[in-house]
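Remarks on the overall topology
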Amino acid sequence: MTQRLRIAIQKKGRLADDSFAALKKCGLSFTIRGDGLLARVKNMPIDLLLVRDDDIPSFVANAVSDLGIVGENVLQEDILSAGGKMALSIERRLGFSKCRLCLASAEGGSINTPQDLQGTKIATTYPGILNNYLRENAITADCVEMKGAVELAPRIGIAPSICDLVSSGATLEANGLKAFETILESEAVLIKSAEVLSPEKQDIYDRLVSRLDGVIRSKDSKYIMLNAPRSQIENITKILPGSDAPTIIPLAGDDDLVAVQAVCTENVFWETLEALKASGARSILVLPIEKMMS
Ligand code: PRT
Ligand code: ZN
């Protein structure tokens, strides 16, 4: 029987949709049904284990699943509560589900810097990361562990400050709180069990990761096409963000103008187009790139 690579992903929540989308962009075809714990990928020997995000690191460390997609915040917390080590490795940073684990306190209150935390209480769902931070910064404070709704802690008198995830900042603002320190910048990561994969699974893994690299790289990449005076090629190449040597094509019936085409691996902003135009570029087109393989 063919061996199937198993990837643990969040079933429902803030990580789930982006994880599904990333895998679909890698060409995996699957359907997620109601209560299923396992989704079978139809066109590759891969199964998706659909679980709560908190279970993903331990499933991977125990080789219940070969791979997992999880937020670094959950991963770091689990590693710290496991004594600093788990039998897994981070293979790729995936660039989605970005958020910050922050210290926050009442707007206009007396706690405005990490030093102000000395001798106070801090409410959090991340006691491992928080205690580690406090230790490293020689701050003595009491960590009050909560399972959720941490943003309510100051208002109901549990603790004057909190340590919680922030993305847009709207939740803090709605609760009269302000962030004054970031203790972890988090994004989704691909993790892999330390257990050695069978050659068959290794093969599937290599194919998947090479596709994933293409997806990650093409995310901010654009294909730029423009016409420019031949004398300006050097200037224009310098302006194109993160591009290798562009392709230069002569234009029929015109000795001065050339067509320039390049893959830009960094974001192309309006400012870039304005700078290109100021250097004599015309008919500038910016196209999305769907897939990349080097
Ligand atoms: O059910 P399960 O256990 O799987 O999910 P969960 O409820 O534990 O987690 P979920 O789905 O809420 O989040 C999954 C992961 O998404 C987190 O572990 C983070 O890695 C990532 N993520 C990204 C976030 C946020 N952004 C985020 N904003 N997780 C939580 N939040 C919460 C935060 O706790 C706070 O309550 O959103 C609120 C703040 O958001 P803003 O936009 O108002 O600042
Ligand atoms: Zn969770």
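Here goes a summary of the coordinates provided. (Residues numbered from 1 in each chain as written. Chains lettered and ligands numbered in written order. Predicted model: local features only at pLDDT ≥ 70, side-chain atom pairs only at ≥ 80, totals over all residues. Heavy atoms only, no water.)

**A few points about the pairing of strand β7 (residues 121-124)**
- The pairing of β7 with strand β8 (residues 142-145) spans four bridges and is parallel. In the strand pairing of β8, Lys121 is matched with Asp142.
- Handedness of the crossover joining β7 and β8 through helix α4 (residues 127-136) is recorded here as right-handed.
- Where β7 meets strand β9 (residues 161-166), three bridges bridge the pair, whose relative direction is parallel. Residue Ala123 lies in a different strand from β9, and its bridge partner there is Ile162. (Pairing = 2+ DSSP bridges. Helix = DSSP H or I, 4+ residues; strand = E, 2+ residues; numbered from the N terminus. Right-handed = clockwise from strand over helix to strand, strands pointing away.)

**Here's the deal with the pattern of salt bridges**
- One pass over the structure, following the stated rule, counts eight salt bridges.
- Residue Arg52 is joined to Asp54 by a salt bridge in which the shortest nitrogen-to-oxygen separation is 3.9 Å.
- Taking relative accessible area as the criterion, Asp54 reaches 39% and is therefore assigned partly exposed.
- The salt bridge partner of Lys147 is Glu145, with a shortest N-O separation of 3.4 Å.
- Salt bridges sharing common partners tie together Glu72, Arg93 and Glu187. (Salt bridge = Lys/Arg side-chain N within 4 Å of Asp/Glu carboxyl O. Buried < 20%, exposed > 50% of the residue type's maximum accessible area, 1.4 Å probe, protein only.)

**Observations concerning the side chain of Lys178**
- Mapped onto the elements of the fold, Lys178 is located in strand β10 (residues 177-186).
- Here Lys178 sits buried without a salt bridge, and the closest side chain of opposite charge, Glu107, lies 5.4 Å off (N-O distance).
- A polar side-chain atom of Lys178 sits 3.2 Å from the main-chain carbonyl oxygen of Ala106.
- Polar side-chain contacts of Lys178 include one of 2.8 Å to the side chain of Asn112.
- Not counting residues up to four positions away in its chain, the partners in contact with Lys178 are Leu103, Ala104, Ser105, Ala106, Glu107, Gly108, Ile111, Asn112 and Leu172. (Lys, Arg positive; Asp, Glu negative; His and termini not counted. Polar contact = N/O pair within 3.5 Å; in protein donor to acceptor, adjacent residues only side chain to side chain. Contact = heavy atoms within 4.5 Å.)

**Details of a nonpolar patch on the surface**
- A surface patch of nonpolar side chains, amounting to about 240 Å² of accessible area, comprises Leu152, Ile156 and Ile158.
- Mapped onto the elements of the fold, Leu152 is located in the loop between β8 and β9. (Patch = residues over 30% accessible without salt bridge, like charges linked within 9 Å, V, L, I, M, F, W, Y side chains within 5 Å. Areas by Shrake-Rupley, 256 points an atom, 1.4 Å probe, with all protein chains shown as cover.)

**Digging into the coordination of the zinc ion (ligand 2)**
- For the zinc ion (ligand 2), the full set of protein donor atoms is Asp53 (OD) and Asp54 (OD), at a range of 2.0 to 2.1 Å.
- Between the four donor atoms coordinating the zinc ion (ligand 2), the angles at the centre fall across 76 to 170°, so the site counts as irregular.
- On the basis of relative accessible area, Asp53 is assigned to the buried category, the value being 17%. (Donors = N, O, S within 2.8 Å, 3.2 Å for Na, K, Ca; no water. Tetrahedral: all angles 85-135°; square planar, octahedral: opposite > 155°, others 65-115°.)

**With respect to the site of ligand 1**
- By nearness alone, 21 residues border ligand 1, and Asp54, Asn73, Ser168, Gly169 and Thr171 come closest of all.
- Within the backbone of Ala170, one N or O atom sits 3.5 Å away from an oxygen atom of ligand 1.
- Thr171 places a polar side-chain atom, nitrogen or oxygen, 2.5 Å from an oxygen atom of ligand 1.
- Protein burial of ligand 1: of its 830 Å² of free accessible surface, 79% is covered by the chains.
- When contributions to the shell around ligand 1 are tallied by element, the ones reaching two or more residues are α3 (72-81), β9 and α5 (170-174).
- Considering every element that reaches the shell around ligand 1, the biggest residue donor is β9, with three residues.
- Along the lines of polarity and charge, the residues of the shell around ligand 1 split into six nonpolar, nine polar and six charged.
- Counting contributing residues, the shell around ligand 1 receives three or more from each of domain 1 (5-96 + 188-218) and domain 2 (99-186). (Near = heavy atom within 4 Å. Nonpolar A, V, L, I, M, F, W, Y, C, P; charged D, E, K, R; others polar. Domains from an automatic or database assignment.)

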